[in-house]
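Structural characterization, general
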Amino acid sequence: MSEFSIFSMWVFINLLLLESSSCTDGTSVVNPCCYYPCQNLGVCVRFGTDRYECDCTSTGFYGENCTIPEFWTRVFFMLKPSPTAVHYILTHFQWFWDLVNNSFLQQTFMRIVLTVRSNLIPSPPTYNTKYGYLNWESYYNISYYTRLLPPVPEDCPLPMGTKGKPVLPDPKVLAERFFRRTKFRADPQGTNVMFAFMAQHFTHQFFKTNHEVQGGFTKALGHGVDASNIYGDNLMRQLQLRLHKDGKLKYQLVNGEMYPPTVSEVPVHMVYPEGFPPEQRLVTGQELYGILPGLTMYATVWLREHNRICDILKAEHPTWDDEQLFQTTRLIIIGEIITIIIEEYVQQLSGYLLKLKFDPTLLFNVRFQYSNRIALEFCQLYHWHPLMPDSFFIDGDEIPYSQFIYNNSLLLHYGVEKLVDAFSRQPAGQIGGGHNCHDAVLKVPEMVIKESRAARVQPFNEYRKRFNLKPYTSFYEFTDDADMARGLEELYGDIDALEFYPGVLLEKTRPNTIFGESMVEMGAPFSLKGLLGNPICSPVYWKPSTFGGETGFNIVKTATLRKLVCLNTKWCPYVSFQVPGNEEAKPKKASTEL
């Protein structure tokens, strides 16, 4: 019997069984789309009360449930290696990748990585947090997060469709049993706390859920890398932060060094506890960054970098006014951010031996849309709070969370150099595998799970299928922690009822990596599409004149984390997204020849 026949029979039998068990009054009918019958990106459309059709258009499949591959689809899947095989190849055979990275093949492989990953994200966007079908509001209203899969239909008999238990487990119970740290587990890839703070600083320019309004709204209308975490997410805040002279941002000098101004100098909204000392209420583009010195540290470095570039542009363009200096500098900063994120941040996360390169020209001759919308699923999977350590070690001092949170005096006391050096040397936690979330941030998984349920996010296995991954058949296949498998089975009842966020965070990790297969295969397409979909990457923008000439263009193309720090500090600390190896990095004098 063919796969198509077996699947159709399974759907039909389950429809009959569930309908007969739930239709006690003879009128209630189960929505057939609750079974997620349409495979391979097919769209389920309900007709009448008990009939559905799968729209298989442009999927490469046909049949009642979009399960029969077309000829070229069959050929493609015969030749396509599995995600596990691809990951193994990209993380092994050092000799081969040394050859690739030093030849024209590097561009070829990089183009393949970019196009294969980015093509998994639909553009223009499809559904959003209100609508589970295509419509103009879904496309046009950017106040909503978009989403890849439509929500679980409201009239399904069970919370996750037709599988699992009638009541989902208490989020607090899930957090306590499966997320709470039992013992700090360092990331085997050597990721450090400097990376952890960059993850927060970088993503909070586009992950800004509007908690004042229910329904999955975002306050980050830029939907991508727009540096709003530096310049503010609206024009009023931007104008308050600007010095209105030479394109620069406002600042204060402390012992001759540049730091963000205080709220008394820039009266914009910042989130600080009541009674917090005014002189320590530093102002940044993002109102939440006062919570952690690691975030105000990055805000300080970017403030210095912005004003440094303004000086460079003014020297080359003495006729430019304040506005042109500011706007051009902002484009350069956006370019620097993308360069550092792709070439160092994503490189560290991936563990790839292929050297990643930010080169927008690689996509100039392929079909690519320069736009982006932040998806609800991307926002949820990116809650990587297991990165946070048990405490923070700075210049020989151990600082617990109680003395770290909302304590900007640490930044002013130690200075940027010592914080960067300390954070670059301290290991971060492994994200995947569970049991590694510190008590100080344990409420985060609870919050995400609650938000996911409010948005009726489909089960984890449905997202596995959406990203061309095989769905798990049991909790014991999902995790190699037998106790966790038993606990999840007890609470959910069926692997097909496991929720999205617990799925990506608790999944067994790949050997010696920071998280599991699903996080990589789902997160990378969102990330690369968002980075390369930025307008500065388009042929219209990607040219020297956009950045004030070759000098500004080269600042973008040669940006590194080390340059960012060392060109804006008195001395150059050890700075990296990875803890140092056997050879300690010695402090160096800051130099423009970095």
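Along each chain, the written sequence defines residue order, and numbers are assigned to residues from 1. pLDDT decides what is reported in this predicted model: residues at 70 or higher carry local features, side-chain atom pairs at 80 or more are listed and counted, and totals for whole chains, interfaces and linings draw on all residues regardless. Calculated side-chain values reflect all of the structure's heavy atoms, with hydrogen atoms and water omitted.

**Let's talk about the overall build of the protein**
Applicable threshold: In this description a helix means any DSSP run of H or I spanning at least four residues, a strand means any run of E spanning at least two, and both kinds are numbered starting from the N terminus. Here the globule rule reads 2.2 Å times residues to the power 0.38, and the radius of gyration is calculated from C-alpha atoms. Exposed residues in this analysis have more than 50% of their type's maximum accessible area, buried residues have under 20%, and partly exposed residues fall in between, with area computed by a 1.4 Å probe over protein chains only. We call two residues contacting when some pair of their heavy atoms lies within 4.5 Å. Per-residue and other accessible areas follow the Shrake-Rupley method at a 1.4 Å probe size, with only the shown protein chains counted as cover for residues. In this tally Asp and Glu are treated as negative and Lys and Arg as positive; neither His nor the chain ends contributes. The atoms used to mark charge sites are NZ of Lys, CZ of Arg, CG of Asp and CD of Glu.
Assigned secondary structure in the protein consists of 23 helices and twelve strands. Relative to the compact-globule value of 25 Å for 594 residues, the protein shows a C-alpha radius of gyration of 25 Å, a close match. Principal-axis analysis of the C-alpha atoms gives the protein an extent of 80 × 55 × 50 Å. Split into buried and exposed, the 594 residues of the protein put 55% on the buried side. Sequence-distant contacts, at least 24 apart, represent 69% of the contacts inside the protein between residues at least 6 apart. Here the protein has roughly 26,400 Å² of accessible surface; of this, 57% comes from carbon and sulfur atoms. Averaging the locations of the 54 positively and 61 negatively charged side chains of the protein gives two centres separated by 3 Å.

**With respect to helix H8 (residues 193-203)**
How we decide: Under this definition, polar contacts are N or O atom pairs within 3.5 Å; protein pairs additionally need one hydrogen-donor-capable and one acceptor-capable atom, and for neighbouring residues in sequence, both atoms have to be side-chain atoms.
Among the eleven residues that make up H8, eleven are buried, leaving the element largely enclosed by the rest of the structure. Within the span of H8, buried status applies to Val193, Met194, Phe195, Ala196, Phe197, Met198, Ala199, Gln200, His201, Phe202 and Thr203. Here H8 starts with a cap whose side-chain oxygen sits 3.2 Å from the backbone nitrogen of Met194, and that cap is Asn192.

**Observations regarding the pairing of strand E2 (residues 51-55)**
Formally: Pairing between strands is defined by DSSP: at least two bridges between the two strands are required.
The two faces of E2 differ: Tyr52 and Cys54 on one face are buried, but Arg51, Glu53 and Asp55 on the other face are not. In the sheet, strand E1 (residues 43-47) pairs with E2 via five bridges, with the strands oriented antiparallel. Bridge pairing in E2 places Phe47 opposite Arg51. Hairpin connection of E1 to E2: three residues between the antiparallel strands, including Gly48 at a positive phi of 65 degrees.

**With respect to the packing of helix H11 (residues 293-316) against helix H12 (residues 322-350)**
Definition in use: All axes are obtained by fitting lines to C-alpha atoms, using only the stretch in contact for helices, and the reported angles, taken between N-to-C directions, cover 0 to 180 degrees. In what follows, roughly perpendicular refers to angles from 65 to 115 degrees, roughly parallel to angles under 35, roughly antiparallel to angles over 145, and oblique to any angle outside these ranges. Definitions for this section: a left-handed crossing has its near helix turned counterclockwise from the far helix by less than a right angle. A right-handed crossing has that turn clockwise. Side-chain classes are defined by residue name, with Ala, Val, Leu, Ile, Met, Phe, Trp, Tyr, Cys and Pro counting as nonpolar, Asp, Glu, Lys and Arg as charged, and the others, Gly among them, as polar.
For the pair H11 and H12, interaxial distance at closest approach is 9 Å and the crossing angle is 125 degrees. With respect to H12, the axis of H11 lies oblique. Pair H11 / H12 crosses with right-handed handedness. Contacts between H11 and H12 involve Trp302, Glu305, His306, Ile309, Cys310, Leu313 and Lys314 on the former and, on the latter, Leu325, Phe326, Thr328, Thr329, Ile332, Ile333, Glu336, Ile337 and Ile340. Per-class residue counts for the contact of H11 with H12 are ten nonpolar, three polar and three charged.

**Here we look at the state of the cysteines**
Applied cut-off: Two cysteine sulfur atoms form a disulfide, by the criterion used here, when they sit within 2.5 Å.
Within this structure, the stated rule accounts for five disulfides. Paired by a disulfide, Cys34 and Cys156 hold their sulfur atoms 1.9 Å apart. Torsion about the S-S bond of the Cys34 and Cys156 cystine: about -100 degrees, corresponding to left-handed handedness. One end of the pair, Cys34, is in the loop between helix H1 (3-22) and E1; the other, Cys156, is in the loop between strand E6 (146-147) and helix H7 (171-179), with 122 residues separating them in the sequence. As far as burial versus exposure is concerned, Cys34 and Cys156 are alike and both buried. Cysteine Cys379 remains unbridged, with the sulfur of Cys437 as its closest cysteine sulfur at 16 Å.

**Some words on the confidence of the model for the protein**
Just so we agree on the cut-off: Per-residue confidence from the prediction method is given by pLDDT, with values spanning 0 to 100.
Within the protein, residue pLDDT values average 91, and 93% of them lie at 70 or more. Segment residues 582-587 is flagged for pLDDT under 50; beyond a separation of four residues in sequence, or across chains, it makes five contacts in the model.

**Some points on the packing of aromatic side chains**
The way to describe two aromatic rings as a pair is by their centre distance and the angle between their planes. Rules: A pair of Phe, Tyr and Trp rings is counted when the ring centres sit within 6.5 Å of each other, with Trp represented by its six-membered ring. The angle between the planes then sorts it: under 30 degrees is stacked, over 60 is edge-to-face, the rest tilted. Comment: the charge-over-ring label is applied if NZ (Lys) or CZ (Arg) is within 6 Å of the ring centre and within 35 degrees of the ring normal.
Enumeration over the complete set of coordinates arrives at 44 aromatic pairs. Pairing Phe368 with Tyr370 gives two aromatic rings, centres 5.2 Å apart and planes at 70 degrees, and the pair type is edge-to-face. Taking the relative accessible area as the measure of exposure, Phe368 reaches 15% and is therefore buried. Judged by its relative accessible area of 25%, Tyr370 falls in the partly exposed class. Through pairs of rings, three or more aromatic residues link up here, namely Phe195, Phe202, Phe206, Phe207, Tyr345, Phe378, Tyr382, Trp384, Phe467, Phe515, Phe526 and Phe577. The ring of Phe326 carries Arg242 above its face, with NZ or CZ at 4.0 Å from the centroid. Lying across the ring of Phe368, Lys529 places its NZ or CZ 5.4 Å from the centre.

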